[in-house]
Amino acid sequence: MIEQPMMAKICDIQEESPCVKTFFFKLNLNFEPGQFVMVWIPLLDEKPFTISYIQKDLVGISVLKRGVFTNAIHSKKIGDMLGIRGPYGRGFSLKLDSNSCVVGGGIGMASLSILVDRLNFTSEGYRGNVTFIQGARTASELLYQKRFKDMKLCTDDGTVGFKGTTVDLLKDLLKKQRFQKVYACGPERMLYKVVELCREHSIECEVSLERYMKCGFGVCGQCDCSGQRVCIEGPVFNTEELSRMEDFGRITITKTGERVIHS
C-alpha cells in the first residue's frame, strides 16, 4: 500500500464522451477490479478514482467533468503530473465458469471495465458467458462503445438501444435468461434496485458503492454506510452485506458530514 502520493506523468489522454476523458500513466500497480486510487492535484485537493484501463505498466483513470477538481484534471495536458496513491479497498470477486451480467450506469462504467476485461479473458478458458449492460441518459453519454462492442445499451430518452433504465433492461433480460451472478456500479438508487431485483430472483450480486471519501484508508469515517467504511470494507459489497446496511439506497453523508435522506 502506498501511503504517500507518487507523482506520475500523463502520457496520453483519450476522450470517451463530451464530459469524460481517460488519463493514462506509466505505472505498475497491483490492482484488482473494483478497487480505487486517490488522485492528488498539488495545492488543490485529492479525490478517489477507479482504474479503468490497465495493461502491464500502463494504467488509465476515466474522469467525469462535474466539479472544481474534475474540471482541473480535464485541463491537464500530456506531460503534466498528478499524484497517485493506492490501490485501496476491496474489489469484486470473480465467479468463473458461469453466466454473469455486468450492469453499469454513468461513470460507474469505469469501475466495471477491468472487471469485464477479466471476465471475458477467463471465460475463454472456463466457458463462462458475460452479458454487459450500460445505461445513460442519452446517447452522447455512453462510454467505451468501441472497446466493448457487444454491450447491451439503454438510454432514458431512447436515442440508442433499449428505451429505459438499466434496471428495466435487466428485468427484461431475466424473462429470457438466467444469470448466476450480477455485478453493478452506478448511482446508488440504481444499485439498490438492482440488488432488490437480484434478491427476488435469488441471484448472487455484488455492487461497488460510491461515497464521499477524504482519506481512502479508513481514518476519517466520511464514507461510512451503516458502520461500514466504504474505503476499507468496500467499495464492493455483496447482497448479504448490503441487507444489513440500512443506509444503502436511503441515506448519504455529504462532504460536510450531513446525513441526507434520498427521496
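Here the structure is a predicted model, which is why all the values come from computation and not from measurement.

To continue, consider the sheet that holds strand E11 (residues 162–163). The seven strands are arranged E11-E10-E9-E8-E12-E13-E16 in an open sheet whose pairing can be described as mixed. Two strands in the sheet have a free side with no partner beyond their single neighbour: E11 and strand E16 (236–238). Of the pairings in the sheet, the one linking strand E10 (residues 152–155) to E11 comprises two bridges and is parallel in character. If you follow Thr155 over to E11, its bridge partner there is Lys163. On the sheet, helix H3 (residues 166–174) packs against strand E8 (99–105), strand E9 (129–136), E10 and E11 and is oriented at approximately 145° with respect to E9.

Turning our eyes to something else, we now look at the nonpolar core. Of all hydrophobic cores here, the largest spans 35 residues; its most connected members are Val103, Leu170, Val182, Val194, Leu209 and Phe248. Among the elements of the structure, strand E3 (36–41), E8, H3, strand E12 (181–185), helix H4 (188–200) and strand E13 (204–208) are those that each provide at least two residues to this core. Lining this core are residues from two domains, each supplying at least three of them: domain 1 (2–88) and domain 2 (100–261). Once you skip the residues sitting within four places of it in the chain, Val194 turns out to touch Val103, Val167, Leu170, Val182, Ala184 and Cys205. Among the nonpolar cores identified, the runner-up in size contains 23 residues, and Val20, Ile107, Phe148 and Met151 belong to it.

A word on the domain arrangement of the protein chain. Segmentation of the protein chain into domains returns domain 1 (2–88) and domain 2 (100–261). A straight line from the C-alpha centre of domain 1 to that of domain 2 covers 21 Å. Contact residues are listed per partner, giving 24 residues for domain 1 and 23 residues for domain 2. Overall, the association of domain 1 and domain 2 removes approximately 1,800 Å² of surface from exposure, summing both partners, and the carbon and sulfur fraction of that is 59%. Of all residues in domain 1, Pro33, Gly34 and Phe36 bury the most surface against domain 2, accounting for 24% of the area lost on that side. Counting every contact that joins domain 1 to domain 2 gives two salt bridges. The tally of links between domain 1 and domain 2 comes to six residue pairs in polar contact (both at pLDDT 80 or more). Elements that contribute at least two residues to the side of domain 1 that touches domain 2 include exactly strand E1 (6–17), E3, strand E4 (45–49), strand E5 (53–55), strand E6 (58–64) and strand E7 (81–88). The biggest single contributor to the side of domain 1 that touches domain 2 is E4, with three residues. In terms of residue class, the side of domain 1 that touches domain 2 is made up of 12 nonpolar, five polar and seven charged.

Within the secondary structure, Lys163 sits in strand E11. Taking the C-alpha atoms as reference, Lys163 lies 17 Å from Asp150; in sequence the two are 13 residues apart. Look past the residues within four positions of Lys163 in its chain and what remains in contact with it is Thr155, Asp156, Asp157 and Gly158.

Summed over all chains, the structure comprises 13 salt bridges. Residue Glu206 is joined to Lys181 by a salt bridge in which the shortest nitrogen-to-oxygen separation is 3.2 Å. Here Glu206 is found in strand E13, whereas its partner Lys181 is found in strand E12, with 25 residues between them in sequence. Glu206 sits in the buried class, given a relative accessible area of 8%.

On to a positive patch on the surface, then. Taken together, the side chains of Lys171, Lys175, Arg189, Lys193 and Arg250 present a region of like positive charge at the surface. If you trace the backbone, Lys171 turns up in helix H3.

What counts, and at which threshold
- In this numbering scheme, every chain counts its residues from 1 along its sequence in written order.
- Side-chain atom pairs in this predicted model are given and counted only at pLDDT of 80 or more, local residue features only at pLDDT of at least 70, and totals for whole chains, interfaces and linings cover all residues.
- Side-chain calculation: all heavy atoms of the structure are included, whereas hydrogens and water are not.
- Pairing between strands is defined by DSSP: at least two bridges between them are needed.
- A run of DSSP states H or I qualifies as a helix once it reaches four residues; a run of E qualifies as a strand once it reaches two. Both are numbered from the N-terminal end.
- Pairs of residues are marked as contacts when any of their non-hydrogen atoms sit within 4.5 Å.
- In this analysis, axes come from line fits to C-alpha atoms, helices being fitted only over the stretch in contact, and the angle between any two N-to-C directions falls in the range 0 to 180 degrees.
- As used in this record, nonpolar core signifies buried Ala, Val, Leu, Ile, Met, Phe, Trp, Tyr and Cys residues forming a set joined through side-chain atoms within 4.5 Å.
- Exposure is judged per residue with a 1.4 Å probe applied to protein chains only, and the accessible area is read against the type maximum: over 50% gives exposed, under 20% gives buried, and values in between give partly exposed.
- All domain edges in this entry derive from an automatic or database-based domain assignment.
- In short, buried area is how much 1.4 Å probe accessible area vanishes from two parts on joining, totalled over both.
- Think of a salt bridge as a Lys or Arg side-chain nitrogen and an Asp or Glu carboxyl oxygen that are within 4 Å of each other.
- Here a polar contact means two N or O atoms within 3.5 Å. Within protein one must be a hydrogen donor candidate and the other an acceptor candidate, and residues neighboring in sequence count only if both atoms are side-chain atoms.
- When residues are grouped by polarity, Ala, Val, Leu, Ile, Met, Phe, Trp, Tyr, Cys and Pro land in nonpolar, Asp, Glu, Lys and Arg in charged, and all others, Gly among them, in polar.
- Think of a patch as exposed residues, more than 30% relative accessible area, with no salt bridge, where like charges cluster within 9 Å and nonpolar side chains (Val, Leu, Ile, Met, Phe, Trp, Tyr) cluster within 5 Å.
- In these tables, accessible area is a Shrake-Rupley quantity obtained with a 1.4 Å probe, and a residue counts as shielded only by the protein chains included in the view.
- The convention is simple: Lys and Arg are positive, Asp and Glu are negative, and His and the chain ends are not counted.
- Where a charge lies is defined by one atom per residue type: Lys uses NZ, Arg uses CZ, Asp uses CG and Glu uses CD.

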